[in-house]
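# Inside the fold
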Amino acid sequence: MKMIAPIVFIALTACVSPCGETAKPAVLDLDTDDNLSGVVAALASAEGRTSLALGPPDPRLEPVVTVLPPAPTNAETRSLALPSAYDIRLENGECVLRRQSDNLQVVLPRDIPCTPYQP
């Protein structure tokens with residue numbers, strides 16, 4: 001029994017970070033004049049909206065994409081809606097956006113490249 005506890009402990013702690021995961025922080029590898037419409041289109045269905053706006057920081061410079069909440073309507077004076085933040089990850093050669101609040105994953109089309117983030 002004394003030998004089982006250390007073996008179980010080692011087995012459980014061997015995968016503290018996900019085993020075999022090759023995900024790395026990344027930034028979008030797009031020109032500064034690109035309007036990021038492809039990213040907006042990919043995120044529209046995940047956010048359940050037909051149109052949305054991206055907020056800071058610039059995902060070509062930082063490994064995060066921020067989706068701003070919808071603007072208040074004329075009947076509203078205030079809104080409690082918060083932005084949605086997505087981490088940009090390079091996973092197995094694909095550019096993946098992972099929502100920070102619930103880990104929802106959005107795979108970007110191949111024509112939207114990303115490159116590993118260099119801080």
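Scroll up for the structure.
Residues numbered from 1 in each chain as written. Predicted model: local features only at pLDDT ≥ 70, side-chain atom pairs only at ≥ 80, totals over all residues. Heavy atoms only, no water.

### A short note on the pattern of salt bridges
To keep it simple, the criterion reads: A pairing counts as a salt bridge when a side-chain nitrogen of Lys or Arg comes within 4 Å of a carboxyl oxygen of Asp or Glu.
By the definition in use, this model includes 5 salt bridges. Here Glu91 ties to Arg98 by a salt bridge, and the two come within 2.7 Å at their closest N and O atoms. Each of Glu47, Arg99 and Asp102 takes part in one network of salt bridges that share partners.

### Side note on unusual backbone geometry
Quick reminder of the rule: Helix numbers and strand numbers start at the N terminus; a helix is a DSSP run of H or I with at least 4 residues, a strand a run of E with at least 2.
The residue after Pro56, namely Pro57, is reached through a cis peptide bond having omega 0°. Mapped onto the secondary structure, Pro57 falls in the loop between β2 (54–55) and β3 (64–67). At Leu36, a position not held by glycine, the phi torsion is positive, near 65°. One can find Leu36 in the loop between β1 (24–28) and α2 (37–47). Of note, Asn92 is a non-glycine position whose phi angle comes to about 50°, a positive value.

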